[in-house]
Amino acid sequence: MSGIARISTPLAFAVACLGIAVFSGMDAVIKGLAIEIGAYNAMLWRSLAGVILSGGLFVAGRRPWPDRATLILHFKRSAAAAFSVLLFFWGLVRVPMAEGVALTFLSPLIAILLAAVMLGERIRRNAMLACGLAFVGVAVIVVSKSGQGTGDPALAGRLAILLASLFYAYNLVQLRASALQSGPIEITFFTNLVFLGLYALGAPFAAVWPAAEHWPALFGAAALAIVSSLLLAWAYAHAETQKLVPVEYTAFVWSALLGWLVFGERVVPATVIGAVLIIGGAAIGARRQAGGPVTEAAL
């Protein structure tokens, strides 16, 4: 890494928002695959495709192999993310996309607290206000759907997604730490590599080779995940965790739209109200502290 890049927080926030939008598109693709071949197989083979694509970028860039400490950081972050996404997509098969994404919104609140403990970030009032307002929006949506999708499968799906949010919060905090040490391509490659290594442990018992018709979607999902990872890694290198985690709430807007367009999931009025609160919280999170310094990152 060389030089100090002075990047405004709003620019980093906008890049992170784009990363979340791209990731939401990947969510829709993987949900469709998970319905057809199961969440485990969808993630196993998407990870293989991701290693092929991101590995090509890593090798082409002639990047040095990271040191032991960085490798450990990559593993801890990626392992948490691997458990998170597997639980999330397993649950997403059992609940609507918008509801499933809404349930993950505990993770930004947890991430802000973890960032204070693990990274020494000072929790600012506007960061808590942003997450609090967005969380109210999530609560409106969840309460409005409390009488829908009942039964053991839906309950199990919700519990799996809530557990996924805990792992994802840890991943968000570690992403900030990784982004300050490694470039986006390195982070993306090792994320996919750890995913594949962990998921492969279950291959003798659960892996099923996908039909040829599924491979375009698997590689498409991997490409979307890589683009999203590159955007988010860049953004987290240029802004504190607490300034960026509110962008996670914008995923609800995309998931509601994609759930309706792709899976025919109905969007109720409470969804719109909740979305407005979520966007409001994200907008507050994008505002820089009055007179505050521009974020500096060594890239």
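Attention here is on the structure that accompanies the text.

About the criteria used
Residues numbered from 1 in each chain as written. Predicted model: local features only at pLDDT ≥ 70, side-chain atom pairs only at ≥ 80, totals over all residues. Heavy atoms only, no water. Helix = DSSP H or I, 4+ residues; strand = E, 2+ residues; numbered from the N terminus. Contact = heavy atoms within 4.5 Å. Areas by Shrake-Rupley, 256 points an atom, 1.4 Å probe, with all protein chains shown as cover. 1 Å grid on protein atoms, 1.4 Å probe; cavity = no way out; pocket = protein on both sides within 12 Å on 5 of 7 lines; lining within 4 Å. Points joined across faces, edges and corners; volume = space filled by probe spheres on them. Nonpolar A, V, L, I, M, F, W, Y, C, P; charged D, E, K, R; others polar. Axes fitted to C-alpha atoms, helices over the stretch in contact; angles between N-to-C directions. Parallel < 35°, antiparallel > 145°, perpendicular 65-115°, else oblique. Left-handed = near helix turned anticlockwise from the far one by under 90°. Polar contact = N/O pair within 3.5 Å; in protein donor to acceptor, adjacent residues only side chain to side chain. Salt bridge = Lys/Arg side-chain N within 4 Å of Asp/Glu carboxyl O. Buried < 20%, exposed > 50% of the residue type's maximum accessible area, 1.4 Å probe, protein only.

This brings us to the overall build of the chain. Helix and strand content of the chain: 13 helices and two strands. A separation of at least 24 residues holds for 90% of the contacts in the chain among residues at least 6 apart in sequence. For the chain, the accessible surface area stands at approximately 12900 Å², while carbon and sulfur atoms represent 71% of it.

If you walk through the whole model with that rule in mind, you get three cavities of 30 Å³ or more. Along the wall of the largest cavity there are 22 residues; nearest its centre are F23, N171, T191, S229 and L232. For the lining of the largest cavity, the elements supplying multiple residues, two or more each, are α3 (68-92), α7 (152-179), α8 (184-200) and α10 (215-238). The biggest single contributor to the lining of the largest cavity is α10, with seven residues. Here the residues of the lining of the largest cavity sort into 13 nonpolar, six polar and three charged. Together, 17 residues line the second largest cavity, and F23, D27, T104, Y168 and E248 are the ones closest to its centre. The set of elements that each furnish at least two residues to the lining of the second largest cavity consists of α1 (9-37), α3, α5 (106-118) and α7.

The interhelical angle for the contact between α8 and α10, taken along N-to-C directions, is 130°, at an axis separation of 8 Å. Viewed along their axes, α8 and α10 adopt a mutual orientation that is oblique. Considering the relative orientation of α8 and α10, their crossing is right-handed. Across from P184, I185, I187, T188 and N192 in α8, the residues of α10 making contact are I226, S229, L230, A233 and W234. The residue inventory of the contact of α8 with α10, partitioned by class, reads seven nonpolar, three polar and no charged.

Turning next to the side chain of H238. Take H238: it is sitting in helix α10. In this structure the side chain of H238 is engaged in a polar contact, spanning 2.7 Å, whose partner is the backbone oxygen of W234.

Time to look at the pattern of salt bridges. Here the structure, examined in full by the defined rule, presents one salt bridge. In this structure, the salt-bridge partner of K31 is E265, at a minimum N-O distance of 2.7 Å. Placement of K31 in helix α1 and of E265 in the loop between α12 (251-263) and α13 (269-286) is noted, with a sequence separation of 234 residues between them. Take E265: its relative accessible area is 16%, and that puts it in the buried class.

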